[in-house]
Amino acid sequence: MEEDKSESKLLTEDRKIVVPGEILAKGIDYLPGHGTYKMNSEIRSKVLGLVKIKNHLINVVPLSGGYMPQERDGVIGEVVDVQPYAWLVNINSPYLGYLPLAEGVEEFVDLAKSDLTEFFDVGDVIYAKIKKVTKRKDVLLTMKDKMCRKLHGGNIIKITPAKVPRLIGKGGSMVETIKQKTGCKIIIGQNGFVWISGENISAAAKAVLMVEKESHTTGLTERIEKMLDKELKGDNNE
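A. The arrangement of the environment of Lys-163 in detail. By secondary structure assignment, the location of Lys-163 is in the loop between strand E15 (155-158) and helix H2 (164-168). Given the relative accessible area of 13%, Lys-163 is considered buried. Residues Lys-163 and Ser-215 lie 52 residues apart in sequence; the distance between their C-alpha atoms is 6.9 Å. Each residue touching Lys-163, except ones within four places of it in the same chain, is listed here: Leu-63, Glu-212 and Ser-215.

B. Examining the domain arrangement of the chain more closely. For the chain, the domain assignment lists domain 1 (2-62), domain 2 (74-151) and domain 3 (155-237). One C-alpha centre belongs to domain 1, the other to domain 3, and the line joining them spans 31 Å. Each partner contributes residues to the interface: domain 1 has 4 residues there, and domain 3 has 4 residues. Counting each side, the surface lost to burial between domain 1 and domain 3 is near 320 Å², with a carbon and sulfur contribution of 66%. Taken as a group, Arg-15, Ile-17 and Val-61 account for 70% of the area that domain 1 buries against domain 3, more than any other trio of residues on that side. Where domain 1 meets domain 3, there are 0 salt bridges. Between domain 1 and domain 3 we count 0 residue pairs in polar contact (both at pLDDT 80 or more) in total. Per-class residue counts for the side of domain 1 that touches domain 3 are 3 nonpolar, no polar and 1 charged.

Here is what the cut-offs are and how they apply
- Residues numbered from 1 in each chain as written.
- Predicted model: local features only at pLDDT ≥ 70, side-chain atom pairs only at ≥ 80, totals over all residues.
- Heavy atoms only, no water.
- Helix = DSSP H or I, 4+ residues; strand = E, 2+ residues; numbered from the N terminus.
- Buried < 20%, exposed > 50% of the residue type's maximum accessible area, 1.4 Å probe, protein only.
- Contact = heavy atoms within 4.5 Å.
- Domains from an automatic or database assignment.
- Buried area = accessible area lost by both parts, 1.4 Å probe.
- Salt bridge = Lys/Arg side-chain N within 4 Å of Asp/Glu carboxyl O.
- Polar contact = N/O pair within 3.5 Å; in protein donor to acceptor, adjacent residues only side chain to side chain.
- Nonpolar A, V, L, I, M, F, W, Y, C, P; charged D, E, K, R; others polar.

So this is what it looks like as structure tokens:
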């Protein structure tokens, strides 16, 4: 029918890998999100990445690149400097995280009697939330969330930030599979830092890196389970 030509059309699908310039949708029923742009009535991809569609909003998550801080993200970071009233934190970004005393500690702190290193010192690893990102890209962190804490022991591995949603899985399914198989505690930062603690850190880390490498493939959960069964069986036989 002639009127079909003016209808909005979705020309891609969720989780499809697309290339720069690829047409994702036509018409007025779809909105361009992160990683996309609109030319005439067409929404196109700006980057090589993974399509994410939600409520007619189309985003493309880059398959590579550094972490760009977003408000309300949970991030894992390493304290790199202690200032008179704050801590500076490496959050795997071009921008350092800034954790002021008021956002880092609940109780009143008398700075004449206390040293900030009593709370967080250089080299400490923390899980924090991003409270605000200014136009100048000042990244304000906070510890005032029930999930936020200092992370003791364990290992940190780094993955591409764009692969974090795949590692978490639908409803947390992927990371829960790795946790249950290995018995490890795993905390994932949106910035691509992953903290792993437990007896089977090596197997859990191997699974995490396998998810990063094969994130675009199907049947990944089953392959992860088989790999972990083999790894853990091997460990038990030693």
